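Structure assessment
Chain by chain, the residues:
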Amino acid sequence: MREDELNLGFAIIVDIGKTLSKVSLWSRDGRILDRQVRPNEVRTQDGIRRLDTDGIGGWLVESLSRYASSNVEVIVPVAHGAGVAALTDGKLAFPPLDYEQSIPDDIMSAYRKERDAFAVTGSPALPDGLNIGSQLFWLDRLYPAEMAAATLLPWAQYWGWFLSGTAATEVTSLGCHSDLWTPDTGRFSPLAERMGWAERFAPLVKAADSIGTLRPDLAARTGLSADIRVLAGLHDSNAALLAARGFDEIAQGDSTILSTGTWFIAMRLPQEALATSSLAEGRDCLVNVDAYGSAVPSARFMGGREIETVIEFDTRRVDIKPDQPALIAAVPDVLKSGTMLLPTLAPGFGPYPAGSGNWTERPDDWYQRRAAVCLYAALVADTMLDLIGSRDRLLVEGRFADAEVFVRALASLRPDMEVYTANAHNDVSFGALRLIDPSLKPQGSLSRVEPLDQDLSSYRSRWLAGIGELVS
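Residues numbered from 1 in each chain as written. Predicted model: local features only at pLDDT ≥ 70, side-chain atom pairs only at ≥ 80, totals over all residues. Heavy atoms only, no water.

**Here's the deal with the state of the cysteines**
Quick note on the threshold: Two cysteine sulfur atoms form a disulfide, by the criterion used here, when they sit within 2.5 Å. Only protein chains enter the area calculation, which uses a 1.4 Å probe; residues under 20% of their type maximum are buried, those over 50% are exposed, and those in between are partly exposed.
Applying the stated criterion across every chain, the model contains 0 disulfides. With no disulfide of its own, Cys285 lies 14 Å from the sulfur of Cys176, the closest cysteine sulfur. By relative accessible area, Cys285 is classed as buried at 0%.

Spelled out as structure tokens, the structure:
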């Protein structure tokens, strides 16, 4: 990064995802100047998977030091929504749980009896620790003394505390399938009140609120100004939603944003309110809460993880995006052979949680296999969009928006929708930047996605017939 670019630095976005941690430097007018990335590692303590707070924290300090001579004024933390930290005496009481850690059957069974109905929270019963409430229920039993005295805060706000020393709680994380929030009333859920968790969470603030300035010790270690403001920050998928709202086409009318990464998350901005009870609880539908406290009907599946599972079959290649013309050219052969992947390679998740993820016939050809998994991802995403009533416009953003077979297949499957991708990247971090200045517009524009040349209706019918028994 050139010195003149460094001098333009106005804001730093700290984005702690499930797979990757990212730090980016942005100009005041919304241009990304620099980006640093670190793969997250899984830590184990006492036989339990933990989030890598020490590893991420050390890397974060080093990364921030890169911008020591910049003119940064604001830092915004962003993180995935299924983590919770417990602070006692000004430090972590214990390493936070990784949400992929399974919870003992007896604990989970007892928790299921306590949680509120889906109609109250819009939060479905999810496996492992994907409901923050299930993590807290287990942590109360693992660490009773520490938990009784702890201040609780969501994962994004943990990093806000790490940076500023101020503990806060924010609604997009509380409203992310946590079992802890009631979207209709904008209050903690009856479960959170009954268990005493609501009173233990740090004070509730808005995502755009400043919670403090950079801790003096971090300012000294990084060379950054101690006057830098730290915002409360927000859940990463909601940051992507804020980024998408910067496009005029999405800001008006009924639109859906499909964020693609480890998770494929569809979040609909409906023109009219949608009743929580109308969503399919058992098919990974849920209600998110946006940065303004409004309910957002959503659906999801672990698309990135499933695609990566298929990619691991062949170590010569690392993703599905290279050689797009060759992948497009492989589609007719896939359709002709009828080979297809049935849900799901991440059992327990998505609109077909009971599936076992089988090929009808696994292609030997490298390109046909990747083309087939792109078609699979489009078919599952199409189902998700139907479940939340998506219509009019769809914006696909994130890691797999460049996967041409996937986005063009989705446009083929949904001919009544305008399907777009954005040639403005780093959507999560740009959305976080719009917390500082909501008037910012993306530097790029939307690109209308052209459907595939082939008709997918027969292929979809055969696929649906093959999975009919998976839907109760």
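**Some thoughts on unusual backbone geometry**
Rules: To qualify as a helix, a DSSP run of H or I must reach at least 4 residues; to qualify as a strand, a run of E must reach at least 2; elements of each kind are numbered from the N terminus.
Of the consecutive residues Pro343 and Thr344, the connecting peptide bond is found in the cis state with omega at -10°. Take Thr344: it is sitting in the loop between helix H14 (324-337) and helix H15 (366-387). Non-glycine residue Asp179 carries a positive phi angle of around 70°. Within the fold, Asp179 resides in the loop between helix H8 (171-174) and strand E11 (181-182). Residue Asp179 is classed as buried on the basis of its relative accessible area, which comes to 2%. Positive phi is not limited to glycine here, since Asp392 has a value of about 70°. Turning to its location among the elements, Asp392 is positioned in the loop between H15 and strand E21 (393-398). Judged by relative accessible area, Asp392 falls into the partly exposed class, the value being 29%.

**Here we look at the packing of helix H13 (residues 303-311) against H15**
Our working rule: Axes here refer to lines fitted to C-alpha atoms; in helices the fit is confined to the stretch in contact. Angles between the N-to-C directions go from 0 to 180 degrees. By definition in this entry, angles of less than 35 degrees are roughly parallel, angles greater than 145 are roughly antiparallel, angles of 65 to 115 are roughly perpendicular, and the rest are oblique. Handedness of a crossing is defined here by the sense of rotation of the near helix relative to the far one, left-handed for an anticlockwise turn of less than a right angle and right-handed for a clockwise turn. Should any heavy atoms of two residues lie within 4.5 Å, those residues are counted as being in contact. All amino acids are sorted into three groups, where Ala, Val, Leu, Ile, Met, Phe, Trp, Tyr, Cys and Pro are nonpolar, Asp, Glu, Lys and Arg are charged, and the leftover types, Gly among them, are polar.
Taken N-terminus to C-terminus, the directions of H13 and H15 make an angle of 165°; their axes are 10 Å apart at the nearest point. Classified by the angle between their axes, H13 and H15 sit roughly antiparallel to one another. For H13 against H15, the interelement crossing comes out right-handed. Only Arg369, Arg370, Val373, Tyr376 and Ala377 of H15 make contact with H13, whose side of the interface consists of Glu306, Ile307, Val310 and Ile311. When the residues that make up the contact of H13 with H15 are grouped by side-chain class, the tally is 6 nonpolar, no polar and 3 charged.

**Some points on the nonpolar core**
Quick note on the threshold: In plain words, nonpolar cores are sets of buried Ala, Val, Leu, Ile, Met, Phe, Trp, Tyr and Cys residues tied together by side-chain atoms within 4.5 Å.
Residues Leu258, Phe264, Leu375, Val396, Phe406 and Trp463 are the most contacted members of the largest nonpolar core, which totals 59 residues. When residues of this core are assigned to their parent elements, the largest contribution, 15 residues, is made by H15. Ignoring anything within four residues of it in the chain, the contact list for Val396 reads Leu258, Thr260, Ala401, Phe406, Val407, Leu410, Val419, Tyr420, Thr421 and Ala422. One finds Trp59, Phe162, Ile211 and Ile228 within the second-largest nonpolar core, a separate group that totals 36 residues.

**Some remarks on the sheet that holds strand E23 (residues 446-448)**
Just so we agree on the cut-off: The pairing criterion is simple: DSSP has to find at least two bridges between the two strands.
Judged by pairing direction, the sheet is mixed, and its 7 strands sit side by side in the order E19-E20-E18-E17-E21-E22-E23 without closing on themselves. Sheet topology places strand E19 (285-289) and E23 at the edges, where each strand pairs with a single neighbour. Across the sheet, the mean angle from the axis of one strand to that of its neighbour is 30°, orientation sign disregarded. Relative to strand E22 (residues 418-422), E21 is paired through 4 bridges, and the arrangement is parallel. Residue Val396 lies in a different strand from E22, and its bridge partner there is Thr421. The strands touched by H15 within the sheet are strand E17 (255-260), strand E18 (264-269), E19, strand E20 (295-301) and E21, with E20 carrying the most contacts at an inclination of about 155°.

**A word on the pattern of salt bridges**
Quick reminder of the rule: Basic side-chain nitrogens of Lys or Arg form a salt bridge, by our definition, when they fall within 4 Å of a carboxyl oxygen of Asp or Glu.
According to the stated counting rule, one finds 29 salt bridges in the structure shown. Here Arg414 ties to Asp382 by a salt bridge, and the two come within 2.7 Å at their closest N and O atoms. With Arg414 in the loop between helix H16 (404-413) and E22 and Asp382 in helix H15, this residue pair connects regions lying 32 residues apart in the sequence. Residue Arg414 is classed as buried on the basis of its relative accessible area, which comes to 8%. In this structure Asp382 comes out as buried when scored by relative accessible area, which is 4%.

**Some thoughts on helix H2 (residues 53-65)**
Operational definition: For a helix, the expected span equals 1.5 Å multiplied by the residue count minus one.
The terminal C-alpha atoms of H2 lie 18 Å apart, and with 13 residues this matches the ideal 18 Å at 1.5 Å per residue to within 8%. Considered for burial, the residues of H2 that qualify are Thr53, Gly55, Ile56, Gly57, Trp59, Leu60, Val61, Ser63 and Leu64. At its buried positions, H2 is contacted by strand E1 (9-16), strand E2 (20-27), strand E3 (32-39), strand E8 (91-92), helix H7 (155-164) and helix H10 (216-222).

**Observations concerning the environment of Gly253**
Relative to the assigned elements, Gly253 resides in the loop between helix H12 (248-251) and E17. Excluding its chain neighbours within four sequence positions, the residues that come into contact with Gly253 are Leu269, Gln271 and Arg393.

**Topic: the side chain of Thr88**
Mapped onto the fold, Thr88 is located in strand E7 (residues 84-88). Every residue in contact with Thr88, bar those within four places of it in the chain, is listed here: Ala93, Glu146, Ala149 and Ala150.

**A look at the sheet that holds E7**
The sheet built from 3 strands is open, its strands ordered E8-E7-E9 with antiparallel pairing. At either margin of the open sheet sits one strand with a lone partner, and together these are E8 and strand E9 (151-154). Pairing of E7 with E9 involves 4 bridges; the strand directions are antiparallel. Considered in E9, the bridge of Leu87 is made with Thr151. The sheet contacts of H7 involve E7, E8 and E9, and relative to E9 the element is tilted by about 110°.

**With respect to the packing of H2 against H7**
Running from amino to carboxyl end, H2 crosses H7 at an angle of 55°, the nearest separation of the two axes being 12 Å. When the interaxial angle is binned, H2 and H7 end up oblique. Considering the relative orientation of H2 and H7, their crossing is right-handed. Seen from H2, the contacting residues are Thr53, Ile56, Gly57, Leu60, Val61 and Leu64; seen from H7, they are Trp155, Tyr158, Trp159, Phe162 and Leu163. Classifying every residue of the contact of H2 with H7 gives 9 nonpolar, 2 polar and no charged.

**Considering the environment of Gly282**
Mapped onto the secondary structure, Gly282 falls in the loop between E18 and E19. A relative accessible area of 57% places Gly282 in the exposed class. The spacing of Gly282 and Ser189 is 93 residues in sequence and 20 Å in space, taken between C-alpha atoms.

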